Amino acid sequence: MICAIYKSTKKLDTYLFINKRDDFSQVPEALMEMFGRPEFVMILPLSKLGKLAQADIEKVRDGLSDKGFYLQLPPPQEDLLKSHKEWLKSQQEE
């Protein structure tokens, strides 16, 4: 399985995996509007890979097979204030 990967011009660290380069026919129009103009990144042979850096390769394969695309969103940002408050609370309990 080979796929084409595009990055979003509107959403930072958001990537779209599709089955065929420049064929966005399976991607919903609303998603394409949110995604912005797709910027080509690379062609990737998924069948030769065991894992991906940011996405679960099985979810990518399933998305491509079932829907014709997979949307990779950025990981949620850590709430540093919450972490700091929890750390302060743990220090007070000691």
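You'll find the structure just up there.
Predicted, not measured: the structure shown is a model, and the values here were computed from it. (Residues numbered from 1 in each chain as written. Predicted model: local features only at pLDDT ≥ 70, side-chain atom pairs only at ≥ 80, totals over all residues. Heavy atoms only, no water.)

Chemist: I tried to follow the nonpolar core on my own but got confused; where do I start?
Modeler: Judged by nonpolar contacts, Cys-3, Ile-5, Phe-17, Leu-44, Leu-46, Leu-52, Ala-55, Ile-57, Val-60, Leu-64 and Tyr-70 together constitute the single largest core of 11 residues. Looking at this core element by element, the count peaks at three residues for helix H2 (residues 57-66). The residues contacting Leu-52, other than those within four sequence positions of it, are Phe-17, Leu-44, Leu-46, Ile-57 and Val-60. Core analysis: the second largest hydrophobic core is formed by nine residues, Leu-16, Leu-31, Met-32 and Phe-35 among them. (Core = buried A, V, L, I, M, F, W, Y, C linked by side-chain atoms within 4.5 Å. Buried < 20%, exposed > 50% of the residue type's maximum accessible area, 1.4 Å probe, protein only. Helix = DSSP H or I, 4+ residues; strand = E, 2+ residues; numbered from the N terminus. Contact = heavy atoms within 4.5 Å.)

Chemist: In this structure, what is going on with the packing of aromatic side chains? I would like to understand it.
Modeler: By convention here, two paired aromatic rings are described through the distance between centres and the angle between planes. Scanning the model with the defined rule gives three aromatic pairs in all. For the pair Tyr-6 and Phe-24, a centre-to-centre distance of 4.9 Å together with 65° between the ring planes defines the contact as edge-to-face. Placement of Tyr-6 in strand S1 (residues 2-7) and of Phe-24 in the loop between strand S2 (15-18) and helix H1 (29-35) is noted, with a sequence separation of 18 residues between them. Aromatic side chains Tyr-6 and Phe-40 sit 5.5 Å apart centroid to centroid with 70° between the ring planes, which places their arrangement in the edge-to-face category. Linking Tyr-6 in strand S1 with Phe-40 in strand S3 (residues 39-45), this pair joins segments that are 34 residues apart in sequence. The aromatic ring of Phe-40 is capped on one face by Arg-21, whose charged end is 3.6 Å from the ring centroid. One residue, Lys-67, lies across the ring of Phe-69, its end atom 5.1 Å from the ring centre. (Phe/Tyr/Trp six-rings, centres within 6.5 Å; stacked < 30°, edge-to-face > 60°. Lys NZ or Arg CZ within 6 Å of the ring centre and 35° of its normal.)

Chemist: Whenever I open this one, the pairing of S1 confuses me. Can you help?
Modeler: Looking along a regular strand, one sees side chains alternate from face to face of the sheet. In the sheet, S1 pairs with S3 via six bridges, with the strands oriented antiparallel. When the bridges of S3 are listed, Lys-7 appears paired with Glu-39. Here S1 pairs with S2 via four bridges, running antiparallel. Note that in S2 the partner of Ala-4 across the bridge is Ile-18. (Pairing = 2+ DSSP bridges.)

Chemist: It is not clear to me how the pattern of salt bridges should be interpreted in this structure. Could you clarify?
Modeler: Oppositely charged side chains may form a pair once their charged atoms are brought near each other. For the coordinates displayed, the defined rule picks out two salt bridges. Glu-39 is the partner of Lys-7 in a salt bridge, and the nearest nitrogen-oxygen pair spans 3.5 Å. Taken together, the positions of Lys-7 in strand S1 and Glu-39 in strand S3 put the pair 32 residues apart, joining distant regions of the chain. What makes Lys-7 partly exposed here is its relative accessible area of 33%. (Salt bridge = Lys/Arg side-chain N within 4 Å of Asp/Glu carboxyl O.)

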